[in-house]
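Below, each chain spelled out in residue letters.
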Amino acid sequence: MAVVAVVAVILPGVTSTAASWNDQEWTHAGFGTSAFRCGSDSDYTTQSSSRFLSGTLAGTDLDTVAGVHGLDVTKPSTNSATVDPVTAPEITSTPTVAAFGNPLNASVLGDVLGLDLSGLGVGLPAGSAGAVNQYARATATGQSTAASGLVNDSGGVLVTDSTPPDRLPDPASLTLRQALPALSGVSDVGLEVGAVASSAELDGCALLRDAIWGDASTNAAKSSTAGATTVSSVSRSAALPAGARLVRDYGIAGLGLRMESPLVGPLVSSVNTTVTSLQSSIAQLSGTNGLLSRALQQNIVGALTNGLRLGTVSGTVTVDGVDLAGAVRPLLTETLTDGTVSVDLSASKIRVDLAHLLGDRETGLNDLPPNTELVVNAAVLDGISARVGALLDTWTARVTTALTAAINTLQVRVALDVNLNLATAPLVQLNIRMNSGVEAIMNRQSNLTVGTTLLGLNLGLLTGVVSALVSGLITGLPAVIVSTLTSALFTTVGSLGSTITAVARPLLGAVGSVTDRLPGLLSVTVNVHDETTGGRTATSARTGRYTVVALRIRLLSALLPTGAAGVDLARSTVGPAVVDLRRTSPSPS
């Protein structure tokens, strides 16, 4: 269940007693306010406004930027409403109700002074009026509603901590590069802001009635402190909950830090280089004069005695059966993540989920108390480089495991015929045969055999010599093959870990150079509540003006044009509601 702020507000100088306007020594009859018929009295002037984007970027006030204009609606009693901009589409128009919408076109807006909103126009959920919608409603009976961001066409917030990702648009992006010095190994730094929304609803008539008459149904009437509030948890609703006078709500789909670095690419390149080297080694193992054949021949030569000499060698050696590049290809394009920190290998980006790192572990930036400032300090951010390193260590292990598994599926086929000569005369032919997988070979379970074929002479006294030679080769040749495969293939795979570690070292340094600077640069506040107090004169009473901002981001840097920059996202404001106290109404019994 989502949580929203339900507030009952006291007007300054107004108590809950029947004495009413004590400082002016007016009585209820003097004002003609003996009855507040909320819902039917239609002599209120109410205001509401919504603005998805406001603040200052690159030294420019966003209020002056075309294309991001907010929406302001004023309803003076039953007279025609005034709306700014005048081109805003009208949603509801009756003598007592005026509602307008002014959704911004995120795809057209694109980059606004370093804030790219185009992602918010991609993947919008059904029922939304756009991720940068602006809605305002004002009535002659004292009620007003405002909403901005990912809301429906009646002002309902569509962002909660449980909204599935497939029902949310892509994030907007706010670059931080103008606020940071040039950092080695860093091409861009930015914040990624998910869909945001806020809404505010005010029953101005009921609030003024409570403030003047001290309606016992509200908590505010029990306090004499100006501006006192009581906050309770209720479910989201299209209308104010019973007894509520002011409700402010917000939702934030996510907030992340994005770092782009050309140093991510070499991680993948180092694997590709290793794969190329391994494939070259596999090719070199094969053939009559390949690495395996030569190693076998050298072992045979080393075992010859009694005048036997190595003669001609014929036949084949093949090593094949695997696509090493294909074995690791999925690992080279994936996104590594521990749930908070991620490394996008294909896009060369590192992302940090600030919403769950700085906010609540379960709900992120949602359901937080009003004016919650997130703690962006070294204690929180120092571990990010280490987490990136841990992700890369795990990834390296997976890559080496994948390569090892692929190499183990290689099939080694040996069909060599090696002639042995006595002096220069051919004496006997050794027939070396094997058809085994690498895994079996490395586990000393190959099916290698060594046979003999006489080449025309009786072995005579050399029969025992040749028999002993064959017996030794059956034992020794498998070890030669294991040694050759280890040197040509497995040693290369084993060295990949140290290679990636060396390549990753400058990347981890680059990540640290960014996170070290964030505590003094970035300030983030969520569920921002701003308000002005209400008041009264001898002739009228008015409520305050109540605002909720879903997300407020501030940047402080000497590199910025004015030393600071910031944006408010999804601002909704209701009030004031003003009523003339000189009207004449019948007195209640």
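Now for a look at the structure at hand.

What counts, and where the lines are drawn
Residues numbered from 1 in each chain as written. Predicted model: local features only at pLDDT ≥ 70, side-chain atom pairs only at ≥ 80, totals over all residues. Heavy atoms only, no water. Helix = DSSP H or I, 4+ residues; strand = E, 2+ residues; numbered from the N terminus. Buried < 20%, exposed > 50% of the residue type's maximum accessible area, 1.4 Å probe, protein only. Contact = heavy atoms within 4.5 Å. Disulfide = S-S within 2.5 Å. Pairing = 2+ DSSP bridges. Salt bridge = Lys/Arg side-chain N within 4 Å of Asp/Glu carboxyl O. Core = buried A, V, L, I, M, F, W, Y, C linked by side-chain atoms within 4.5 Å.

### Thoughts on the overall build of the protein chain
Each helix and strand in the protein chain was counted, giving 13 helices and 29 strands. Burial statistics for the protein chain: of 589 residues in total, 51% are counted as buried. Taking as baseline every contact in the protein chain between residues at least 6 positions apart, the subset at least 24 positions apart corresponds to 74%.

### Overview of the state of the cysteines
Under the counting rule described, the total for this entry stands at 1 disulfide. Paired by a disulfide, Cys38 and Cys205 hold their sulfur atoms 2.1 Å apart. Judged by the sign of its S-S torsion, about -90 degrees, the bond between Cys38 and Cys205 is left-handed. Within this pair, whereas Cys38 is found in the loop between α1 (28-31) and β2 (44-57), its partner Cys205 is found in helix α3 (residues 204-213), the two being separated by 167 residues in sequence. Looking at Cys205, the relative accessible area reads 0%, which means it is buried.

### Focus: the pairing of strand β28 (residues 545-556)
With 9 of its 12 residues buried, β28 lies for the most part within the structure. Looking at chain direction, strand β25 (residues 522-532) and β28 are connected through 10 bridges and run antiparallel. When the sheet's bridge partners are listed, Asp530 is paired in β28 with Thr547. Relative to strand β29 (residues 564-580), β28 runs antiparallel, the two sharing 10 bridges. When the sheet's bridge partners are listed, Val549 is paired in β29 with Arg571.

### Remarks on the pattern of salt bridges
If you walk through the whole model with that rule in mind, you get 17 salt bridges. Note that Arg554 and Asp568 form a salt bridge whose closest N and O atoms lie 3.1 Å from each other. Highlighted residues: Arg554 in strand β28 and Asp568 in strand β29, separated in sequence by 14 residues.

### Quick word on the nonpolar core
It is characteristic of soluble globular proteins that their nonpolar side chains tend to be buried jointly. Counting residues in hydrophobic clusters, the biggest one holds 118 residues, and the most contacted among them are Leu255 and Trp395. With 14 residues, the top contributor of residues to this core is helix α11 (residues 463-494). Here Trp395 is in contact with Leu267, Val268, Val271, Leu331, Leu332, Glu334, Leu336, Leu345 and Ile500, once residues within four sequence places are set aside. Judged by nonpolar contacts, the second largest core, of 10 residues, contains Val157, Val159, Leu168 and Ala197.

### What about the pairing of β2?
The element β2 is extensively covered by neighbouring structure, given that 10 of its 14 residues are classed as buried. Pairing analysis gives 11 bridges linking β2 to β29, with the strands arranged antiparallel. Note that in β29 the partner of Ser54 across the bridge is Asp568. Taken together, the 2 bridges between β2 and strand β3 (residues 60-61) define a ladder with antiparallel strand orientation.

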